[in-house]
Amino acid sequence: MNRFTHKTILVTGGSSGIGLAAARAFVAEGARVVITGRDTAALEQAKASLGAHAIAVANDAGSIAGAKALAATLAAHEVRLDAVFLNAGAARFAAFPEVDEALWDLIFNTNTKGPYFQVQALLPLLNPGASIVINGSINAHVGMPNTTVYAASKAAMISLAKTLSAELLPRGVRVNVLSPGPVSTPLYDKLGLDAAELEATAAQIQNQIPLGRFGTPEEIAATVLHLSSAESAFIVGTEIIADGGMSQL
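The rules we used
Residues numbered from 1 in each chain as written. Predicted model: local features only at pLDDT ≥ 70, side-chain atom pairs only at ≥ 80, totals over all residues. Heavy atoms only, no water. UniProt positions renumbered as here; feature names shortened; annotations may be inferred. Salt bridge = Lys/Arg side-chain N within 4 Å of Asp/Glu carboxyl O. Helix = DSSP H or I, 4+ residues; strand = E, 2+ residues; numbered from the N terminus. Axes fitted to C-alpha atoms, helices over the stretch in contact; angles between N-to-C directions. Parallel < 35°, antiparallel > 145°, perpendicular 65-115°, else oblique. Left-handed = near helix turned anticlockwise from the far one by under 90°. Contact = heavy atoms within 4.5 Å. Nonpolar A, V, L, I, M, F, W, Y, C, P; charged D, E, K, R; others polar. Buried < 20%, exposed > 50% of the residue type's maximum accessible area, 1.4 Å probe, protein only. Polar contact = N/O pair within 3.5 Å; in protein donor to acceptor, adjacent residues only side chain to side chain. Phe/Tyr/Trp six-rings, centres within 6.5 Å; stacked < 30°, edge-to-face > 60°. Pairing = 2+ DSSP bridges.

The name recorded for the protein chain in an unreviewed UniProt entry is NAD(P)-dependent dehydrogenase, short-chain alcohol dehydrogenase family, from Pseudoxanthomonas indica. The record in UniProt for the protein chain states the following under Sequence similarities (unreviewed entry): "Belongs to the short-chain dehydrogenases/reductases (SDR) family."

A. Representation of the pattern of salt bridges within the structure. Applying the stated rule across the entire model yields four salt bridges. The closest approach of N and O atoms between Glu231 and Arg3, which form a salt bridge, is 2.8 Å. Of this pair, Glu231 sits in the loop between helix H8 (217-228) and strand S7 (239-242) while Arg3 sits in the segment before strand S1 (8-11); the two residues are 228 residues apart in sequence, bridging distant segments of the chain. The shortest N-O distance in the salt bridge between Asp60 and Arg38 comes to 2.8 Å.

B. A look at the packing of helix H4 (residues 101-122) against helix H6 (residues 148-168). The N-to-C vectors of H4 and H6 enclose an angle of 15°; their axes lie 9 Å apart at closest approach. In terms of their interaxial angle, H4 and H6 are classed as roughly parallel. Here H4 and H6 pass one another in a crossing that is right-handed. Residue-level contacts link Leu103, Trp104, Ile107, Phe108, Asn111, Thr112, Pro115, Tyr116 and Val119 of H4 to Val149, Tyr150, Ala152, Ser153, Lys154, Ala156, Met157, Leu160, Leu164 and Leu168 of H6. Of the residues assigned to the contact of H4 with H6, the class counts are 15 nonpolar, three polar and one charged.

C. Local environment of the UniProt feature "domain: Ketoreductase" (unreviewed entry) in the protein chain. Mapped onto the present numbering, the UniProt feature "domain: Ketoreductase" (unreviewed entry) falls at residues 7-181. Structurally, residues 7-181 is divided into 47% helix and 22% strand, and its ends, taken at the C-alpha atoms, are 29 Å apart.

D. Examining the side chain of Asn111 more closely. Structurally, the position occupied by Asn111 is in helix H4. Judged by its relative accessible area of 2%, Asn111 falls in the buried class. Side-chain polar atoms of Asn111 contact the side chain of Ser153, separated by 3.1 Å. Beyond its immediate chain neighbours, meaning those up to four positions away, Asn111 contacts Ala88, Gly89, Ala90, Tyr150, Ser153, Lys154 and Met157.

E. Highlighting the packing of aromatic side chains. Counting across every chain of the model gives four aromatic pairs. Considering the side-chain rings of Phe4 and Phe26, the 5.0 Å spacing of their centres and the 85° angle between planes classify their relative orientation as edge-to-face. One end of the pair, Phe4, is in the segment before S1; the other, Phe26, is in helix H1 (residues 17-28), and 22 residues separate them in sequence. Exposure class is identical for Phe4 and Phe26. Each is buried.

F. Molecular detail of the sheet that holds strand S4 (residues 81-86). Read from one edge of the open sheet, seven strands run S3-S2-S1-S4-S5-S6-S7, paired in parallel fashion. Both edges of this open sheet fall to strand S3 (54-58) and S7, since each of them pairs with a single strand only. With strand direction ignored, the average angle separating the axes of adjacent strands in the sheet is 20°. Of the pairings in the sheet, the one linking strand S5 (residues 126-135) to strand S6 (residues 174-180) comprises five bridges and is parallel in character. In the strand pairing of S6, Val133 is matched with Asn176. Along the sheet, H6 makes contact with S5, S6 and S7, crossing S6 at roughly 160°.

G. Region of the structure containing the environment of Phe117. Inspection of the secondary structure assignment puts Phe117 in helix H4. Taking C-alpha positions, Phe117 is 26 Å from Gly181, a pair spaced 64 residues apart along the chain. For Phe117, the residues in contact, after removing those within four places along its chain, are Ile64 and Ala67.

Here it is in structure tokens:
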């Protein structure tokens, strides 16, 4: 299919994992894709893999200044957006007594404050009928130990999708959340755990998934495309959970 021919899509955190898988899927369906990330080398590598229809912009997803700078860069190149996938995020797991202000600020700046002000900065660039998809997490629902800060940051974004949907509907803009369960992405290498802890955590999580496996970035990307397309026009302010049944069964 070519659901996104002549459309421009922004994917934050588009240099790896779910973001890159979504960018590839958008390009495969005819879109021009703007990807962002902090790691310029990874960003350029991702851009090269996406081909001529990709634009890469180095950007700090946890910074209000970065949000404004990204919008200004797109406006300077006369870019108008048909969909935005707010995918960039940070995850660090820590027991509640060990959480400090630095960890709190890292998670909330990247997962909550940055995306909030990114949408605000992008408003003038959104075409009527545009779709915003927020990458949430089932951690907002399942009460997993050691995820107090991460889960709270994602719960805030799930709430934002509802209130922002109500506010942006007069502009013709829809906002929805896709909350993945455990997915095999580089994010799991950045949880702040050593190799043994990471392996034990992954095994423990997998045992809780009724399907018996982690999801793939491509499986999540497929739902991102659905929520970004006209075929989901009647879905507004909703959270779709893709977790292999982990939070449902």
